[in-house]
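Understanding the architecture of this molecule
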Amino acid sequence: MPAKVGFVKVISISSSSVFNIGDVYNVAPQATAKTFAGGGSFNTGDGIRIRLNRSSTYVYDKDINDQNVVN
């Protein structure tokens with residue numbers, strides 16, 4: 001059954017984003033990224049308190065390839 005979509009307003013979309021309206025069979029990204037960050041790096045909000053006595057981020061990845069983009 002087809003989807004019925006009303007008005008859509010897109011303010012911003014980055015170059016590696018996927019924007020879909022309605023029915024979709026397959027969504028395939030054309031870019032990948034790997035991010036390394038220490039404990040408490042991506043917390044957001046008001047009044048957050050983080051206590052990290054000893055924190056380590058290991059970035060060694062022995063298999064190297066995680067998300068290969070092919071065509």
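Look a little higher up for the structure.
A brief look at the structure comes next.

The rules behind each value
- Residues numbered from 1 in each chain as written.
- Predicted model: local features only at pLDDT ≥ 70, side-chain atom pairs only at ≥ 80, totals over all residues.
- Heavy atoms only, no water.
- Helix = DSSP H or I, 4+ residues; strand = E, 2+ residues; numbered from the N terminus.
- Rg over C-alpha atoms; globule rule 2.2 N^0.38 Å.
- Buried < 20%, exposed > 50% of the residue type's maximum accessible area, 1.4 Å probe, protein only.
- Contact = heavy atoms within 4.5 Å.
- Areas by Shrake-Rupley, 256 points an atom, 1.4 Å probe, with all protein chains shown as cover.
- Lys, Arg positive; Asp, Glu negative; His and termini not counted.
- Charge placed at Lys NZ, Arg CZ, Asp CG, Glu CD.
- Patch = residues over 30% accessible without salt bridge, like charges linked within 9 Å, V, L, I, M, F, W, Y side chains within 5 Å.
- Salt bridge = Lys/Arg side-chain N within 4 Å of Asp/Glu carboxyl O.

**Some remarks on the overall build of the protein**
What the protein contains, in helices and strands, is 0 helices and 0 strands. Expected size for 71 residues packed as a compact globule is a radius of gyration near 11 Å; at 19 Å, the protein overshoots this value by more than 25%. For the C-alpha atoms alone, the extent of the protein along its principal axes is close to 55 × 40 × 25 Å. The burial tally for the protein puts 0% of its 71 residues in the buried class. Partitioning the contacts of the protein with sequence separation of at least 6, the portion at a separation of at least 24 is 27%. Summed over its atoms, the accessible surface of the protein is roughly 7,400 Å², and 49% of this surface lies on carbon and sulfur atoms. Charged side chains in the protein number 7 positive and 5 negative. The centres of these two groups are separated by 10 Å.

**Concerning the environment of Val8**
For Val8, a relative accessible area of 43% gives the class partly exposed. Sequence separation of Val8 and Ile21 is 13 residues, and the distance between their C-alpha atoms is 8.8 Å. If near-sequence neighbours (up to four positions away) are discounted, Val8 is found in contact with Phe19 and Ile21.

**Considerations on a nonpolar patch on the surface**
Taken together, the side chains of Val5, Val8, Val10, Ile13, Phe19 and Ile21 make up a nonpolar region of the molecular surface, amounting to roughly 510 Å² of accessible area. The exposure class assigned to Ile13 is partly exposed, which follows from its relative accessible area of 44%.

**Here's the deal with the environment of Asn43**
Classification of Asn43 as partly exposed rests on a relative accessible area of 44%. Sequence spacing of Asn43 and Asp66 is 23 residues, and the spatial spacing of their C-alpha atoms is 25 Å. Apart from the residues lying within four places of it in its own chain, the contact partners of Asn43 are Ile48 and Ile50.

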